[in-house]
Amino acid sequence: YMITQNVWIVVLFYLLFKHYNLKLGKPDDKPEFSDLAYFAMLFSCGVSTGLWYFSAEPMWHYEGYGTPRWMDADMFNMNTRAEHAVMVTFFHWGLHGWIPFTMVGALIAILSYRRGFPMSMRFTLYPLIGEMVYGVLGDMIEILSILCTIFGVCTSLGLGAMQINKGMVRLDRGTYLGKDYIGCSGAELPGTACEGNTGMTEDREVQICIIIGITLLATASVVMGLKKGIQVLSFVAFGLSVFILISILFMDHTWYILNVLTSSFGYYLWYLPKISFHTDAWEELGAASLGQGGAPDGRGGAAGWMNGWTIFYWGWWISWGPFVGTFLARISKGRKLGHFIIATLILPSIWSFVFLGIMGAAQIRMSNQAISAGLDGTTIATRYGSYADKTAIGWTQSLEDDDGNPYTKWVPVPDSVTRLYWLGTEDVLFEHLSAYGGQGWATFMTVITLICIVLYFITSSDSASFVVDIMAANGVEEPPLLQKIFWAFTEGAAACALLASASEDNPKAALNAVKAIPIILGLPFTFLLFWMCQGLVIVCHEEAKREEAERENVPLIGRRHFKMFLLNFEKVTFISCVFPFYGLGVVAEKIGWCK
């Protein structure tokens, strides 16, 4: 995984500069969508759902989830630890992540729009194996692609349903800074849930209903088509996400966040050659007491962090390559290859940096407040500032009066400060947004965030259904309507079945099991992407030569019309000037006409 990503990124940047103007289509083809709509759609299809679910990743790395190598206090102080946490998040969501999407999308677009092949994954190997793609190998590629797409989307639907369920429960109970305010009798103990308006709870039945609702909306979007369905929803969802980010940027410490973005981006560029090859080789040996050769000083990270984070991400990105790559190819007709690589590799990475950088910087600052005030997160009273003992949790500030005399002042921890690390995954985002205002603001932002997340899950689901339709229809760009509906319902039904099969004690067990399937399937797709990479280079060179030949044969004023002819003189050319039929005789003899 680590080596392949580095090889592919070199190839893509080579093609970016070598064949920038190669068009994904005929010379007179125009882009079907505007640049803004194009970016909103590709981002909605690609990683939007994951970004919201993992929006707290920088904070988790900073707090040391899984014990990464930068938790060694002798090597990293807390400032450099924060810098490293944001940088590693950028690495997971940056250029290396988007490579499979760009690779698959570019190859399918060239083969489909320039050579007339169906928009099918099997034909990505046509430049290498030719007609063999019509056999068993091609069928296996199609089946694996459909399985990866369905299981990946089912997992996203399940995790998304849990996050949406959490947001709806918070709205129903009026949750604000760890406290419920609606449907309470007044006798509840700290941290006890209230009944709320409707008595809604976090359970499988509610989450299944949420998936059914999202599936119906996604089906309607698929039926309406790209321009009236996915494009419109992507616009709205992208606009809401921009509003949320701008709100955080200007309601938090703006200059601090801008400094974090600048510093972390530079750190990412500087560290990229190193971290892209880093494998935690010594950490994976485990503790020294295991006798496997682990570090005797007991310092550094823990075994398993690399597999749980970086390797997980690479397998996940690669396994989603057929789905997202096919969708990108479908909406990229008429664009240049250079534009395509920039729009699907560089710009999404930058937007991911902005999104996760703003979220991460704000949450790390809030975590530092909580840690320094004494909120260790072990109990409800040391998790939320609203529950904390104001006489014991806070800061003793050393100040000077107007005459320069020193004195101390006790400042209790504000209610808005929360030890986010100790909250559930689905709670972190909502509690973070609630910290910037009163209860009314928290309710407003919860509603806006829920709408945004729902729209992103709809666009992700309907784009996945659309792609599976194309794959199952042997690459037809506009599959039959009934087949679109069938696959949309199938994805929703599979996600509901996964949630229903899980126990009440561990509702994520089934989803976590299925989540491993795309990761496992990502390994064979790694080898396929190597072949696709070679095929992409081949077709780019061939198409560039074809364009050059066509240009040279067009009679333009001032052009050397016979340049290609002059460069292709052979020995037989001069012989034929004296013996005109000699060349024809040689050809006739070779094909057997003279026998």
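Bear in mind the structure is a predicted one, so any value in this text is a computation, not a measurement.

K.L.:
Help me out: how do you make sense of the environment of V223 in this one?
P.N.:
Mapped onto the elements, V223 comes out in helix α9 (residues 204-224). Taking the relative accessible area as the measure of exposure, V223 reaches 37% and is therefore partly exposed. For the pair V223 and P480, spaced 257 residues apart in sequence, the C-alpha separation works out to 9.9 Å. When residues no more than four places from it in sequence are discounted, the contact partners of V223 are L481 and I485.

K.L.:
What am I meant to see in the nonpolar core here?
P.N.:
Most often, soluble globular proteins keep nonpolar side chains buried together rather than apart. In this structure, W52, F327 and L536 are the most contacted members of the largest nonpolar core, which totals 159 residues. Beyond its immediate chain neighbours, meaning those up to four positions away, F327 contacts M41, C45, L226, I230, S463, F466 and V467. Among the nonpolar cores identified, the runner-up in size contains eight residues, and A373, W395, V413 and V417 belong to it.

K.L.:
Explain a nonpolar patch on the surface to me, please; I cannot follow it from the model alone.
P.N.:
On the surface, I3, V7, L128, F277, L523, F527, F530 and W531 cluster together into a nonpolar patch covering about 770 Å² of accessible area. Examining the composition of the nonpolar patch, we find that four residues originate from one element, helix α18 (residues 509-552), more than from any other. Mapped onto the elements of the fold, I3 is located in helix α1 (residues 2-18).

K.L.:
In this structure, what is going on with the pairing of strand β2 (residues 406-412)? I would like to understand it.
P.N.:
When a strand is regular, its side chains alternate between the sheet's two faces. As paired strands, strand β1 (residues 394-400) and β2 are joined by seven bridges and run antiparallel to one another. Bridging from a neighbouring strand, Q397 pairs with K409 of β2. Linkage of β1 to β2, two consecutive antiparallel strands, is achieved through a turn of five residues, within which G404 is found at a positive phi near 85°.

K.L.:
When you look at the packing of aromatic side chains in this model, what are you seeing that I'm missing?
P.N.:
Any two aromatic rings considered together are summarised by their centre-to-centre distance and by the angle between their planes. Considering all chains together, one arrives at 36 aromatic pairs under this definition. When the centroid spacing of 5.9 Å and the interplanar angle of 45° are considered together, the rings of W441 and F444 count as tilted. Of this pair, W441 and F444 both sit in helix α16 (residues 439-472), three residues apart, which is roughly one turn of the helix. The aromatic ring of Y62 is capped on one face by R81, whose charged end is 5.6 Å from the ring centroid. Above the face of the Y387 ring, K179 is positioned so that its terminal group lies 5.2 Å from the ring centre.

K.L.:
Hey, could you run me through the state of the cysteines in this one?
P.N.:
Disulfides are covalent bonds that link the sulfur atoms of two cysteine residues. Throughout the structure, instances matching the rule amount to one disulfide. Shown here is the disulfide that connects C184 with C194, its sulfur atoms set 1.9 Å apart. Residues C184 and C194 are joined through a disulfide that is right-handed, its torsion about the S-S bond being 105°. With C184 in the loop between α8 (136-173) and α9 and C194 in the loop between α8 and α9, this residue pair connects regions lying ten residues apart in the sequence. Residue C184 is classed as partly exposed on the basis of its relative accessible area, which comes to 33%. With no disulfide of its own, C209 lies 8.4 Å from the sulfur of C496, the closest cysteine sulfur.

K.L.:
Explain the side chain of Q363 here, please?
P.N.:
Within the fold, Q363 resides in helix α14 (residues 337-373). For Q363, a relative accessible area of 0% translates into the label buried. Within the local environment of Q363, its side chain forms a polar contact with the side chain of H432, the two groups lying 3.2 Å apart.

K.L.:
Explain helix α11 (residues 254-275) to me, please; I cannot follow it from the model alone.
P.N.:
Every α-helix carries 3.6 residues per turn, so stepping three or four residues along brings you back to the same face. At L269, α11 is bent by approximately 35°, the largest bend along its length, and proline P273 sits one to four residues beyond. Those residues of α11 that sit buried are T254, I257, V260, L261, S264, Y268, Y271, L272 and I275. Looking at the buried positions of α11, the neighbouring elements they touch are α1, α5 (78-93), α6 (95-113), α10 (226-251) and α14.

K.L.:
Can you help me understand unusual backbone geometry in this one?
P.N.:
What you tend to see is this: most non-glycine residues have negative phi, and most peptide bonds are trans. Positioned with a positive phi, T67 is a non-glycine residue whose angle comes to about 55°. Examined against the element boundaries, T67 turns out to sit in the loop between α4 (57-63) and α5. Relative accessible area serves as the criterion here: at 38%, T67 is assigned to the partly exposed category. The backbone of L177 sits at a positive phi, close to 55°, despite the residue not being glycine. Position of L177 relative to the elements: it lies in the loop between α8 and α9.

K.L.:
What is the right way to look at the packing of α8 against helix α15 (residues 425-434) in this model?
P.N.:
The angle between the axes and the distance between the axes are what describe a pair of packed helices. Here α8 crosses α15 at 45°, and the two axes come no closer than 8 Å. Relative to α15, the element α8 is oriented oblique. Helix-helix and strand crossings are classified by hand; for α8 and α15 the assignment is right-handed. Only E426, D427, L429, F430, E431 and S434 of α15 make contact with α8, whose side of the interface consists of M162, Q163, K166, G167 and R170. Of the residues assigned to the contact of α8 with α15, the class counts are three nonpolar, three polar and five charged.

Cut-offs and rules
- Residues numbered from 1 in each chain as written.
- Predicted model: local features only at pLDDT ≥ 70, side-chain atom pairs only at ≥ 80, totals over all residues.
- Heavy atoms only, no water.
- Helix = DSSP H or I, 4+ residues; strand = E, 2+ residues; numbered from the N terminus.
- Buried < 20%, exposed > 50% of the residue type's maximum accessible area, 1.4 Å probe, protein only.
- Contact = heavy atoms within 4.5 Å.
- Core = buried A, V, L, I, M, F, W, Y, C linked by side-chain atoms within 4.5 Å.
- Patch = residues over 30% accessible without salt bridge, like charges linked within 9 Å, V, L, I, M, F, W, Y side chains within 5 Å.
- Areas by Shrake-Rupley, 256 points an atom, 1.4 Å probe, with all protein chains shown as cover.
- Salt bridge = Lys/Arg side-chain N within 4 Å of Asp/Glu carboxyl O.
- Pairing = 2+ DSSP bridges.
- Phe/Tyr/Trp six-rings, centres within 6.5 Å; stacked < 30°, edge-to-face > 60°.
- Lys NZ or Arg CZ within 6 Å of the ring centre and 35° of its normal.
- Disulfide = S-S within 2.5 Å.
- Polar contact = N/O pair within 3.5 Å; in protein donor to acceptor, adjacent residues only side chain to side chain.
- Bend = angle between axes of the 7 residues up to and from the residue.
- Axes fitted to C-alpha atoms, helices over the stretch in contact; angles between N-to-C directions.
- Parallel < 35°, antiparallel > 145°, perpendicular 65-115°, else oblique.
- Left-handed = near helix turned anticlockwise from the far one by under 90°.
- Nonpolar A, V, L, I, M, F, W, Y, C, P; charged D, E, K, R; others polar.

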